[in-house]
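In case you want the letters, here they are:
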Amino acid sequence: MRKINDLEMRGITKSFHGFYANKDINLKISSGEVLGLLGENGAGKTTLMNILYGLYRPDEGQIIINSDEVRIKTPKDSMRAGIGMIHQHFMLVQNHTVAENIALGLDDVPFFFPDRYIRERISGFSEKFDMKINPDKKIWELSAGEQQRVEILKALFLEADLLIMDEPTSVLTPQESGELFDIIRKMAHDGHSIILISHKLDEIMDICSRVAVIRKGVTVGGADIGDVDKKELARMMVGRDVDLKFDKVPLERGERVLEVKKLIVNGDRGNTAVNSLSFSVYRNEVFGIAGVSGNGQRELVEAITGLRRSSSGEIILENEALTNKSARIVNTRGITHVPEERMKFGIVPNLFIYENAILKKHHSKPFSRLMFLDYDLIKNHTENIVERYNISTPSINLPIKSLSGGNIQKLIIGREIESKPALLVASHPTYGLDIGATEYIRRQILARREEGGGVLLVSEDLDELFEICDRIAVIFKGEFMGILKAGDADIKDIGLMMTGSLKLPAQTEAAEENK
Amino acid sequence: MSKIMLKIDVSPREKEKPLISNLILAASLLAGLAAIGVVFLAKGVNPFFAIYKIFSGSFGSIYGFKETVTKSIPLILIAAGLTVAYRGKFWNIGAESQLLAGSAAATWIALTWGAALPGWTAIFLMFSGGFIAGALWGIIPAIMRVRFGINEVISTLMLNYIGAEFIKMLVIGPWKGKTQFGFPYTDDFPETAQLALLGNSRIHYVTLIIALLASVLVYALLFRTRFGYEVRVIGENQEAARYAGIDFYKTTIIIMIISGGLAGLAGVGEVAGLHHHLTYPDSISSGYGFTAIIVAWLSRLNPITAIISGLFFAGILVGGDAIQISLNLPAATVNIFNGVILVFLIMGEFFQKNRVAIKLQGAKWNR
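Here's what I pulled together on the structure shown here.

**A look at the overall build of chain B**
A count of helices and strands for chain B gives 14 helices and 2 strands. Compactness check: chain B gives a C-alpha radius of gyration of 23 Å against a globular reference of 21 Å for 367 residues, within 12% of the reference. Across its three principal axes, chain B shows a C-alpha extent of roughly 90 × 60 × 35 Å. For chain B, contacts bridging at least 24 residues in sequence account for 80% of all contacts bridging at least 6.

See below:
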């Protein structure tokens with residue numbers, strides 16, 4: 001028997017320190033539906049779902065399942081009610097097998113031959129929803145997509161009728177996303193209901209039957225998918241019109257700024273992470289590197305920015321060899337870096353905004369004279385960055401952690417662009433930012449391109465790459481599967497290349513040059 | 001049916017307001033004193049009276065206050081050094097033996113050249129030698145940490161034992177004084193190598209001036225210079241320091257040169273100002289290297305306010321001696337006192353960083 005035919009959240013309100021994360025939100029989903037929950041970061045989607053999953057308790061409002069009010073105080077209550085949640089970050093034990101991970105959450109595993117029981121049920125689900133998974137594999141051996149399937153299986157084992165998925169495709173390749181969507185469709189067909197948290201419009205359009213849009217904690221719209229288009233949804237989400245495409249000024253690429261020759265870089269575990277890569281980046285060009293994370297992007301960026309030693313090959317910036325030079329030298333010579341995981345690498349959270357605004361430049365003139373830092377100058381400089389890059393903060397005399405993610409990233413971008421570097425290396429610069437900040441950061445990168453700088457952009461966001469890159473290299477297991485021009489890159493090929501199923505014949509540098 | 005429930009809600013503070021911070025600091029001190037009161041009660045002593053005795057012993061009389069100032073000198077000096085190390089998240093627990101290294105070097109200089117040199121030269125050489133010795137002793141764990149990844153808490157702590165035993169070996173062995181009737185002392189320093197005292201106190205003012213100067217300089221170093229900036233970046237976020245191209249190796253070494261060196265200076269002051277010879281480690285330092293950790297922490301790693309917290313803990317040391325005698329309490333009382341205060345200060349950190357609210361829950365949600 002199905003536990004959930006209809007679920008309704010009625011008048012949900014939740015505030016944190018007087019700030020409403022959710023205000024009087026209503027939501028309804030019935031069996032067999034896929035409901036998209038759309039909103040920018042910080043709009044309140046995750047809070048709402050955490051309430052449904054029992055991680056938070058609402059200040060006001062009811063949750064009604066099959067016309068009975070239920071009280072969900074803990075995740076256990078919600079599981080009992082038939083609700084399962086697939087978090088963005090998987091909660092799996094890396095060294096255990098798939099079967100063991102699934103057994104962990106179960107109360108009713110038979111005492112004898114628990115393995116057989118779990119195996120049988122896994123194969124049952126696999127068949128039903130066409131999910132391929134080997135129960136004996138250890139979690140760390142699995143790809144992100146497979147790990148996600150384990151999470152889905154865990155929920156199914158607990159007899160979840162309603163599945164909440166928090167940005168499920170953020171870690172997947174396009175192919176894997178496609179497979180996930182097939183699974184979701186089959187589950188919906190089987191009578192499950194699915195709530196999909198996302199801010200990717202394409203996904204919502206592709207798979208959902210209905211959509212609810214949340215902005216600043218309030219439901220701003222809801223519609224059947226057939227009745228809306230992407231533009232309309234985007235407008236609902238941000239509250240204004242958004243440019244989904246930039247008007248990139250066509251530019252002839254200039255001189256070569258960066259040349260990488262047969263670069264080999266090892267990863268943390270001694271593996272070959274970057275395998276004999278050669279490429280060049282030119283002025284007035286954004287060179288993109290597409291790929292699923294973990295295919296050598298990090299090691300490549302670290303080698304170029306002086307944070308990691310390469311084991312062979314050459315890195316040349318405007319005729320000067322920078323191979324295995326320190327981060328400080330690389331920076332002084334004109335390579336600046338917007339790092340991935342901005343909170344971890346890019347800033348010092350407890351230091352003041354103005355102290356963060358000179359990170360990396362603090363050691364040189366004009367900020368540092370003899371031994372001392374010129375704090376008046378530093379503060380002036382920071383005020384300039386804050387003004388020029390639209391950073392909203394009441395004061396620069398605050399620890400930078402008090403800023404929002406978007407404002408922190410604007411400061412980092414400002415800091416790295418201000419010195420007009422020959423090459424700007426940006427890793428996932430808009431990851432996790434809302435549409436407004438994303439648009440702003442991309443514009444800044446394009447502005448750098450127009451000013452004559454070269455940009456190396458590493459991103460997993462294909463839309464981003466297509467919007468701002470002149471050329472896109474697809475990296476897989478440390479090798480380029482091909483370098484595409486913005487015009488000829490179509491999503492089908494790039495997806496295959498990202499998964500290593502297609503490799504374009506390598507173009508020689510000379511042929512490149514002649515184009 | 002409505003059931004009212006108490007719920008404890010913990011959430012990180014977005015901003016740390018100075019007023020709240022200071023209130024929490026005061027509250028943790030008070031709570032610490034209250035907990036210590038229990039210890040006094042267990043010994044059958046009225047805690048209010050005991051605490052009154054401690055503070056009247058150290059701050060209530062001119063004699064007591066002079067002693068307090070004397071004992072604050074090494075605390076302030078060492079705490080200034082520890083502040084640099086702790087700002088860079090280098091957990092130097094080894095100031096005790098860095099102090100001893102300083103006093104050993106000063107002793108050697110005093111006994112070898114002291115008599116032959118004019119007063120100020122001898123003193124100058126002793127302080128320089130003490131700084132270098134403390135610094136060298138401090139560099140060892142720094143190198144072990146940056147080259148081999150050895151945890152500095154363990155290495156600095158263990159070096160304390162090695163240092164202390166080494167001093168013992170010196171004073172009962174090769175350095176034992178011919179004029180000391182078999183006591184484990186070195187010979188007394190020649191007069192040129194002794195520090196002048198202030199009036200009829202035991203305040204060796206030269207070291208006091210050095211200590212106050214060091215506090216100001218360390219403050220300027222931390223908050224006005226490139227080096228201080230790099231130390232704070234390393235301390236707050238190592239990954240960002242790497243990203244910013246900060247030389248980890250060099251900075252850590254300099255941190256420990258300063259931290260060990262200042263502890264070494266404190267050691268010079270103790271032997272040249274008070275004892276005038278080297279002797280057993282326990283007599284030279286009554287745990288200054290450890291108490292200074294609390295001093296630095298109570299000052300929230302600010303070398304200027306460390307002057308005040310240094311006086312406060314010197315007062316507890318002096319007052320502790322006073323209650324040992326007047327209330328007949330064991331010598332360990334002072335250590336318990338210091339330990340309890342530190343524990344409460346650290347617990348207070350939690351409340352500095354998090355907002356804890358007790359909520360009455362249920363009225364609305366359960367209806």
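**Some words on helix 6 (residues 174-189) of chain A**
Residue and element names in this part refer to chain A. Taking 1.5 Å per residue, 16 residues should reach 22 Å; helix 6 reaches 22 Å between its end C-alpha atoms and fits that length. Of the positions making up helix 6, those classed as buried are E176, S177, L180, I184 and M187. Down the axis of helix 6, the buried set is contained in an arc of 100°. They therefore lie on one face. Contacts from the buried residues of helix 6 go to strand 3 (34-38), helix 4 (114-129), helix 5 (144-157), strand 8 (193-198) and helix 7 (201-207). G191, located one to two residues past helix 6, shows a positive phi value of around 105°.

**Re the packing of helix 7 (residues 205-224) of chain B against helix 8 (residues 226-236) of chain B**
Residues and elements named next belong to chain B. The contact between helix 7 and helix 8 brings their axes to 5 Å, and the two run at 70°. Relative to helix 8, helix 7 is oriented roughly perpendicular. Across the interface between the two elements, L221, L222, F223 and R224 of helix 7 pack against F227, G228, V231 and R232 of helix 8. A per-class count over the contact of helix 7 with helix 8 returns 5 nonpolar, 1 polar and 2 charged.

**Quick word on the sheet that holds strand 5 (residues 68-70) of chain A**
All names here are of chain A. The 4 strands are arranged 2-1-4-5 in an open sheet whose pairing can be described as antiparallel. Here the strands that pair on one side only, and so sit at the sheet edges, are strand 2 (19-30) and strand 5. Each strand of the sheet is rotated relative to its neighbour by a mean of 30°, with strand direction disregarded. Inspection of the sheet shows strand 4 (residues 60-65) paired to strand 5 by 3 bridges, in the antiparallel sense. What sits directly across from I63, in strand 5, is V70. In the packing of helix 1 (residues 45-52) onto the sheet, the strands contacted are strand 1 (6-16), strand 2 and strand 4, and the crossing angle to strand 1 comes to about 120°.

**Description of the interface of chain A and chain B**
Opposite the 29 residues of chain A that make contact, chain B presents 19 residues. Secondary-structure elements contributing two or more residues to the side of chain A that touches chain B are helix 10 (327-333), helix 11 (342-346) and strand 18 (372-373) of chain A. Looking at the side of chain A that touches chain B residue by residue, the classes come out as 13 nonpolar, 9 polar and 7 charged.

**As for helix 14 (residues 405-418) of chain A**
Since one α-helical turn is 3.6 residues long, residues separated by three or four positions face the same way. Residues and elements named next belong to chain A. In a regular helix each residue adds 1.5 Å, so 14 residues correspond to 20 Å; helix 14 covers 20 Å between its end C-alpha atoms and thus fits that length. With 12 of 14 residues buried, helix 14 lies mostly within the body of the structure. Residues G406, N407, I408, Q409, K410, L411, I412, I413, G414, R415, E416 and I417 constitute the buried set of helix 14. At its buried positions, helix 14 is contacted by strand 16 (335-338), helix 11, helix 12 (353-356), helix 13 (375-388), strand 19 (423-427) and helix 15 (435-451).

**A closer look at the sheet that holds strand 9 (residues 210-215) of chain A**
Residues and elements named next belong to chain A. Strand order in this open sheet of 6 strands is 6-7-8-3-9-10, and the pairing throughout is mixed. With one partner strand each, in any of the chains shown, strand 6 (83-86) and strand 10 (218-224) form the two edges of the open sheet. Neighbour-to-neighbour, the strand axes of this sheet turn through a mean angle of 20°, independent of strand direction. Of the strand pairs in this sheet, strand 6 and strand 7 (residues 162-166) are connected by 4 bridges, and their pairing is parallel. Pairing of I86 across the sheet is with M165, part of strand 7.

**A few points about the environment of Y20 of chain A**
Residue and element names in this part refer to chain A. Within the secondary structure, Y20 is located in strand 2. For Y20, a count of 16 C-beta atoms within 10 Å translates into the label partly exposed. C-alpha of Y20 to C-alpha of K76: the two residues are 56 residues apart in sequence and 26 Å apart in space. Setting aside its immediate chain neighbours within four residues, Y20 contacts T13, S15 and G217.

**As for the pairing of strand 7 of chain A**
Residue and element names in this part refer to chain A. Among the 5 residues of strand 7, 5 are classified as buried, and the element is accordingly described as predominantly covered. The alternating pattern of strand 7 places L162, I164 and D166 and L163 and M165 on opposite faces, both of which are buried. The sheet contact formed by strand 7 and strand 8 spans 5 bridges and is parallel. Residue pairing in the sheet places L163 in a bridge with I194 of strand 8. Handedness of the β-α-β unit built from strand 7, helix 6 and strand 8 comes out right-handed.

**Overview of the environment of R202 of chain B**
Residues and elements named next belong to chain B. Along the chain, R202 falls in the loop between helix 6 (152-172) and helix 7. For the pair R202 and F223, spaced 21 residues apart in the sequence, the C-alpha separation amounts to 34 Å. If near-sequence neighbours (up to four positions away) are discounted, R202 is found in contact with K66, E67, T70, L197 and L274.

**Brief notes about the nonpolar core**
Membership of the largest hydrophobic core comes to 176 residues, with the highest contact counts inside it found for L457 and V474 of chain A together with I78 of chain B. Beyond its immediate sequence surroundings of up to four residues, V474 of chain A is in contact with A290, G291, F480, M481, G482, I494, M497 and M498 of chain A.

**Observations regarding the packing of helix 4 (residues 95-113) of chain B against helix 12 (residues 288-298) of chain B**
Residue and element names in this part refer to chain B. Direction vectors running N to C along helix 4 and helix 12 enclose 130°, while the axes themselves pass 6 Å from each other. Classed by the angle they form, the pair helix 4 and helix 12 counts as oblique. For the crossing formed where helix 4 meets helix 12, the hand is right-handed. Packed against helix 4, whose contacting residues are A95, E96 and L99, the element helix 12 presents Y288, G289, F290 and A292 at the interface. Residues of the contact of helix 4 with helix 12, tallied by class, amount to 5 nonpolar, 1 polar and 1 charged.

**Considerations on the pairing of strand 11 (residues 256-266) of chain A**
All names here are of chain A. Bridge count between strand 11 and strand 12 (residues 272-282): 7 bridges; the pairing is antiparallel. When the bridges of strand 12 are listed, N266 appears paired with T272. Counting the residues in the hairpin turn of strand 11 and strand 12 gives 5 residues, including G270, whose phi is positive at 80°. Across 6 bridges, the pairing between strand 11 and strand 14 (residues 310-317) is antiparallel.

Rules behind the numbers
- Residues numbered from 1 in each chain as written.
- Chains lettered and ligands numbered in written order.
- Predicted model: local features only at pLDDT ≥ 70, side-chain atom pairs only at ≥ 80, totals over all residues.
- Helix = DSSP H or I, 4+ residues; strand = E, 2+ residues; numbered from the N terminus.
- Rg over C-alpha atoms; globule rule 2.2 N^0.38 Å.
- Contact = placed C-beta atoms within 7 Å.
- Expected span 1.5 Å × (residues − 1).
- Buried ≥ 20, exposed ≤ 12 C-beta atoms within 10 Å, placed from the backbone.
- Arc of directions from axis to C-beta.
- Axes fitted to C-alpha atoms, helices over the stretch in contact; angles between N-to-C directions.
- Parallel < 35°, antiparallel > 145°, perpendicular 65-115°, else oblique.
- Nonpolar A, V, L, I, M, F, W, Y, C, P; charged D, E, K, R; others polar.
- Pairing = 2+ DSSP bridges.
- Right-handed = clockwise from strand over helix to strand, strands pointing away.
- Core = buried A, V, L, I, M, F, W, Y, C linked by C-beta atoms within 7 Å.
- Left-handed = near helix turned anticlockwise from the far one by under 90°.

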